[in-house]
Amino acid sequence: SIQEEFPGFEVRFKEDSLLQKATHYFLAAITFGAQRYYLTRYHTMIGRTMWVPTKEIWESKSDQDKYSLFLHEREHMRQERRRGKLLHTFLYIFCLPLGWNPYRRKCEQEGYEKTLWAVYTFHGEDALRDPEKLSFIAEQFYSGAYAWMWTKAKTLAWLDDAVERVIQGDITND
């Protein structure tokens, strides 16, 4: 379980945190409004705390959706453990010039590959290839959601490859 691998892991709600609200306004400002959904649509891993938008949103998720999210965020905790908290945090946050951050991109690729595995495992190939789901994931990489961390063409090529690797069994829940 995630608790066994990461003692102290907890889920908290952004709606209850002044720091998360301040982060929301900061991200909206530095992305010129492109990341204006931090408080309402995004889940965030900080240390061993997974911040979710609201209790209502969290409780409305199916167990499968929660598990998928745990896999994605567990991957980020593993990345932090491999590199150390300070180095991981520094590399993940700093993106100069604005957006181009190969470390954050790689971390998010690994996280979203776990998300894709869960979609395939729980819902099958049709759901994995769902254009709406794939478009949402792709936009995280080439839009202001994560501060423009990659190009659209490279994102789409990686995502097509990741879908195929999931189907072939090369991406798993390890």
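Here the structure is a predicted model, which means the values were calculated and not measured. (Residues numbered from 1 in each chain as written. Predicted model: local features only at pLDDT ≥ 70, side-chain atom pairs only at ≥ 80, totals over all residues. Heavy atoms only, no water.)

**Observations regarding the packing of helix H5 (residues 63-83) against helix H7 (residues 102-123)**
Between H5 and H7, the shortest axis-to-axis distance is 9 Å and the interhelical angle comes to 150°. In terms of orientation, H5 lies roughly antiparallel with respect to H7. Seen from above, H5 lies across H7 with right-handed handedness. (Axes fitted to C-alpha atoms, helices over the stretch in contact; angles between N-to-C directions. Helix = DSSP H or I, 4+ residues; strand = E, 2+ residues; numbered from the N terminus. Parallel < 35°, antiparallel > 145°, perpendicular 65-115°, else oblique. Left-handed = near helix turned anticlockwise from the far one by under 90°.)

**Focus: the sheet that holds strand E1 (residues 10-13)**
Taken together, the 3 strands give an open sheet; going across it, the order is E1-E3-E2, and neighbouring strands pair in mixed fashion. Each end of this open sheet is capped by a strand with a single partner; those strands are E1 and strand E2 (44-46). Strand-to-strand twist of the sheet, defined as the mean angle between neighbouring strand axes without regard to direction, takes the value 30°. One ladder, built from 4 bridges, connects E1 with strand E3 (residues 49-52); its direction is parallel. Directly across from Val-11, in E3, lies its bridge partner Met-50. (Pairing = 2+ DSSP bridges.)

**Notes on the side chain of His-43**
Note on placement: His-43 falls in the loop between helix H3 (38-41) and E2. In this structure His-43 comes out as buried when scored by relative accessible area, which is 18%. (Buried < 20%, exposed > 50% of the residue type's maximum accessible area, 1.4 Å probe, protein only.)

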